[in-house]
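Notes for the structure review
Given next are the chains, with one letter for each unit.
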Amino acid sequence: MKKSFEDALIGRRSYYNISNESPVVDYEIVHVLYQVVKHVPSAFNSQTTRLVLLLGEEHVKLWNIVKHTLKEIVPEDVFVKTKEKIDKSFASGYGTVLFWEDTEVVNKFMASYPLYAKNFKAWSQQTSGMHQFAVWTMLEDLGFGASLQHYNPLIDDAVKRMWHLPKEWTLVAQMPFGMPTSAPNEKIFNPLEDRVKVFK
Ligand SMILES: Cc1cc2nc3c(=O)[nH]c(=O)nc-3n(C[C@H](O)[C@H](O)[C@H](O)COP(=O)(O)O)c2cc1C
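What comes next is a walk through the structure. Just so it is clear, the structure is predicted and the values come from calculations on it, not from any experiment. (Residues numbered from 1 in each chain as written. Predicted model: local features only at pLDDT ≥ 70, side-chain atom pairs only at ≥ 80, totals over all residues. Heavy atoms only, no water.)

1. Comments concerning a nonpolar patch on the surface
The grouping of Phe5, Leu9, Ile10 and Phe133 at the surface amounts to a nonpolar patch, some 410 Å² of accessible area in total. If you tally residues by element for the nonpolar patch, the top one is helix 1 (residues 5-11), at three residues. Counting through the fold element by element, Leu9 comes out in helix 1. Taking relative accessible area as the criterion, Leu9 reaches 42% and is therefore assigned partly exposed. (Patch = residues over 30% accessible without salt bridge, like charges linked within 9 Å, V, L, I, M, F, W, Y side chains within 5 Å. Areas by Shrake-Rupley, 256 points an atom, 1.4 Å probe, with all protein chains shown as cover. Salt bridge = Lys/Arg side-chain N within 4 Å of Asp/Glu carboxyl O. Helix = DSSP H or I, 4+ residues; strand = E, 2+ residues; numbered from the N terminus. Buried < 20%, exposed > 50% of the residue type's maximum accessible area, 1.4 Å probe, protein only.)

Okay, structure coming up:
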């Protein structure tokens, strides 16, 4: 990473205006995903997270799936606004990372560790969150702007069909990214002293 971890932590934001240019060659994006899946921790080293990188036309196909799915269930006037947002903030980007959890592996760990069985579903989600944060921060470090979206579970089946993904995978989040075309929204921070307690 170019930045220190602290600078990258501070720099990561949600970007809702992105274009389909890239500041790097595609392999650098793939390298980020490899580093994240290899080094981000998981409960009992279960390695339940699966990532799918969609670039170019494949990325556009994803957001078409989202629009087609929503068109079926959202009132027409609401859909107009939803479509505008998807086109401007997500489909307009360079790519999307899909975050999945492999439930076959989660189930195996539940069976292998009965004492902790009830924890594994939550740990799987927490593991996914760690991967999401790492990818988000590292994409920002490459010069991209990204956001985190949740059109799952509405789109899971159509996405699995499109890219022939295993039925045991559960979609957790979608992260569209691209070159930022405007600054992120203003962010309000609640008082830190209410959120961090120090005793010594
Ligand atoms: C678990 C989680 C779920 C989120 N879900 C969404 C979402 O569905 N759509 C969205 O636009 N942003 C989503 N966000 C982004 C937050 O709204 C955003 O991170 C927060 O407002 C702080 O802004 P920042 O990312 O610019 O620092 C999510 C963030 C987290 C951590």
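2. Quick word on the side chain of Asn152
Here Asn152 lies in the loop between strand 4 (145-146) and helix 7 (156-163). Overall, Asn152 belongs to the buried group, its relative accessible area being 19%. Within the local environment of Asn152, its side chain forms a polar contact with the backbone oxygen of Leu171, the two atoms lying 3.3 Å apart. A distance of 3.4 Å separates a polar atom in the side chain of Asn152 from the backbone oxygen of Val172. (Polar contact = N/O pair within 3.5 Å; in protein donor to acceptor, adjacent residues only side chain to side chain.)

3. Some details on the site of the ligand
Taken together, Arg12, Arg13, Ser14, Tyr16, Trp136, Leu148, Gln149, His150 and Lys187 make up the full set of residues near the ligand. A distance of 2.7 Å separates an oxygen atom of the ligand from a polar side-chain atom of Arg13. Take Gln149: an N or O atom from its side chain is 3.0 Å from an oxygen atom of the ligand. Relative to its free-state accessible area of 630 Å², the ligand is covered by the protein chains to the extent of 53%. (Near = heavy atom within 4 Å.)

4. Here we look at the environment of Ile86
Considering the arrangement of structural elements, one finds Ile86 in helix 4 (residues 76-91). Taking relative accessible area as the criterion, Ile86 reaches 0% and is therefore assigned buried. For Ile86 and Glu168, which are 82 residues apart along the polypeptide, the C-alpha to C-alpha distance reads 27 Å. Among residues more than four places away in sequence, those in contact with Ile86 are Trp63, Val66, Lys67, Leu70, Ala91, Ser92 and Tyr151. (Contact = heavy atoms within 4.5 Å.)

5. Quick notes on helix 7
In an α-helix there are 3.6 residues to a turn, and that puts residues three or four apart on one side. All of the buried residues in helix 7 are Asp156, Val159, Lys160 and Trp163. Considered in projection along helix 7, the buried side chains sweep an arc of 100° and stay on one side of the axis. Turned more than 90 degrees from where helix 7 packs its buried face, Asp157 and Arg161 sit exposed. Of the surrounding secondary structure, the elements contacted by the buried residues of helix 7 are strand 2 (49-55), helix 3 (57-73), strand 3 (95-102) and strand 5 (169-180). Phi for His164, located one or two positions after helix 7, is positive at around 50°. (Arc of directions from axis to C-beta.)

6. Brief notes about the pattern of salt bridges
Here the idea is simple: oppositely charged side chains can pair when their charged atoms come close. Counting across every chain of the model gives five salt bridges. Note that Asp102 and Arg50 form a salt bridge whose closest N and O atoms lie 3.3 Å from each other. Residue Asp102 is located in strand 3, and its partner Arg50 is located in strand 2; the two are separated by 52 residues in the primary sequence. Ionic pairing is found between Lys83 and Asp87, a salt bridge with its closest N-O pair at 2.7 Å. Placement of the pair is Lys83 and Asp87 together in helix 4, with a separation of four residues, close to one helical turn. On the accessibility criterion, Lys83 (36% relative accessible area) is partly exposed. In this structure Asp87 comes out as partly exposed when scored by relative accessible area, which is 26%.

7. Quick notes on the nonpolar core
If you look at the biggest cluster of nonpolar residues, it comprises 21 residues, and the most contacted ones within it are Ile29, Val97, Val135, Leu139, Phe144, Met175 and Phe177. Secondary structure elements with two or more residues in this core: helix 2 (26-39), strand 3, helix 6 (120-142) and strand 5. Not counting chain neighbours up to four residues away, the residues in contact with Leu139 comprise Ile29, Val97, Phe144, Met175 and Phe177. Ranked by size, the runner-up nonpolar core spans 20 residues in total, among them Leu62, Leu98, Tyr151 and Leu171. (Core = buried A, V, L, I, M, F, W, Y, C linked by side-chain atoms within 4.5 Å.)

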